[in-house]
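Chain and residue survey
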Amino acid sequence: AQSVTQPDIHITVSEGASLELRCNYSYGATPYLFWYVQSPGQGLQLLLKYFSGDTLVQGIKGFEAEFKRSQSSFNLRKPSVHWSDAAEYFCAVGAGTGNQFYFGTGTSLTVIP
Amino acid sequence: EAGVVQSPRYKIIEKKQPVAFWCNPISGHNTLYWYLQNLGQGPELLIRYENEEAVDDSQLPKDRFSAERLKGVDSTLKIQPAELGDSAVYLCASSPTGTSGDTQYFGPGTRLTVL
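The following paragraphs examine the structure supplied in this document. (Residues numbered from 1 in each chain as written. Chains lettered and ligands numbered in written order. Predicted model: local features only at pLDDT ≥ 70, side-chain atom pairs only at ≥ 80, totals over all residues. Heavy atoms only, no water.)

1. Here we look at the side chain of A:Thr107
Which entries qualify depends on this criterion: Helix and strand definitions here come from DSSP, where helices need a minimum of 4 consecutive H or I residues and strands a minimum of 2 consecutive E residues; each element is numbered from the N-terminal end. Contacts were defined at the residue level, with two residues in contact if any of their heavy atoms lie within 4.5 Å.
When you line up the elements, A:Thr107 lands in strand β12 (residues 107–112). In contact with A:Thr107, not counting residues within four places along its chain, are A:Gln6, A:Asp8, A:Ile9, A:Ile11, A:Leu21, A:Ala87, A:Glu88 and A:Tyr89.

2. A look at the nonpolar core
The following threshold applies: Nine residue types can take part in a nonpolar core, namely buried Ala, Val, Leu, Ile, Met, Phe, Trp, Tyr and Cys, and a core is a set of them joined through side-chain atoms within 4.5 Å. Working definition: with a 1.4 Å probe on protein chains only, accessible area under 20% of the residue-type maximum means buried, over 50% means exposed, and in between means partly exposed.
A:Leu19, A:Trp35, A:Leu47, A:Leu48, A:Phe74, A:Leu76 and A:Tyr89 are the most contacted members of the largest nonpolar core, which totals 26 residues. Of all elements in the fold, only β2 (10–14), β3 (19–21), β5 (32–38), β6 (44–50), β8 (64–68), β9 (73–78), β10 (87–95) and β12 of chain A reach the threshold of two or more residues within this core. Ranked by residues supplied to this core, first place goes to β10(A) with four residues. When sequence neighbours within four positions are dropped, the list of residues in contact with A:Leu48 reads A:Leu33, A:Phe34, A:Trp35, A:Val57, A:Gln58, A:Gly59, A:Phe63, A:Glu64, A:Ala65, A:Phe74 and A:Leu76. Counting 22 residues, the second largest nonpolar core, distinct from the first, contains B:Phe21, B:Leu32, B:Ile47 and B:Leu112.

3. With respect to the sheet that holds strand β8 (residues 75–79) of chain B
All names here are of chain B. This is how it is decided: Strand pairing requires that DSSP identify at least two bridges connecting the strands. Orientation is described by axes fitted as lines to C-alpha atoms, over the contacting stretch for helices, and by angles from 0 to 180 degrees between their N-to-C directions.
Across the sheet, which stays open at both edges, the four strands sit in the order β1-β3-β8-β7 with antiparallel pairing between neighbours. Two strands close off the open sheet at either side, each with one partner strand: β1 (5–7) and β7 (65–68). Averaged over neighbouring strand pairs, the angle between their axes works out to 15° when direction is ignored. Note that β7 and β8 share four bridges and pair antiparallel. Looking at the pairing, Ser 66 lines up with Lys 78 of β8.

4. Brief notes about the state of the cysteines
All names here are of chain A. Convention followed: When the sulfur atoms of two cysteines come within 2.5 Å, that pair is taken as a disulfide.
This structure, assessed with the given rule, holds two disulfides over all chains. At a sulfur-sulfur separation of 2.0 Å, the disulfide partner of Cys 23 is Cys 91. Across the disulfide from Cys 23 to Cys 91, rotation about the S-S bond amounts to roughly -65°, and the bridge is consequently left-handed. Here Cys 91 lies in strand β10 and Cys 23 lies in the loop between β3 and β4 (24–26), a separation of 68 residues in the sequence.

5. Here's the deal with the pairing of β2(A)
Residue and element names in this part refer to chain A. Across the two faces of β2 the burial differs, with Ile 11 and Val 13 buried and His 10, Thr 12 and Ser 14 not buried at all. Direction of pairing for β2 relative to β12: parallel, over a ladder of five bridges. The residue of β12 that forms the bridge with Val 13 is Val 111.

6. Observations regarding the environment of A:Gly62
Residue and element names in this part refer to chain A. Tracing the chain through its elements places Gly 62 in the loop between β7 (56–58) and β8. In this structure, the C-alpha to C-alpha distance between Gly 62 and Leu 47, residues 15 residues apart in sequence, is 9.2 Å. If we ignore the near neighbours within four places in the chain, the residues touching Gly 62 are Arg 77, Lys 78 and Pro 79.

7. So, unusual backbone geometry
Residues and elements named next belong to chain B. Across the junction of Ser 7 and Pro 8, the peptide omega takes the value -10°, indicating a cis bond. The omega torsion across Gln 80 and Pro 81 is -5°, close enough to zero to call that bond cis. For Lys 16, which is not glycine, the phi torsion reads 80° and is therefore positive.

See below:
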């Protein structure tokens, strides 16, 4: 069965520091992978997605993610975090017919000055 | 391009009362999804529509939940009667098609509180 694991429930980083949010997935075939961000009281906004090809994917707001098939991972990174990046981040795998999305439980990011 | 619109944004009701949520997807998007998001959790699919047809409602608690998508555009999700455990955020999303890997675009959600 398809599943997504985000091992870190909450992460705190200093503004300007680098960031890596972990995501592991379980899926039998080549997955479609997504990272979404959710600010308080808002819906989910797409940061980036991976379908095939280059395993390093660039997204909006300076984010990037790397697909590693051998590790079943799709970690999200940002070289320098801004205070406005504080939010909830969700990793998702799109699988099967009908574009079923399976989401992780999310990682809450706090940015300290 | 307008995004996915949902209303109301917030709703507070007493248990056993009915409640309805409305969603207007992005224009031209054939596929519409309703998700339930509990506090501290990721969204979970309730129902998926292809045009006006509900093609996946396996996760919808049909004893109290119902949904419709008349004319294949707007959609309404209803709960009757509401229970305390229904307090959550109800998200609507749409995608151009239901093809695997198609990006889903989410609305801001309706936060339901059942007292």
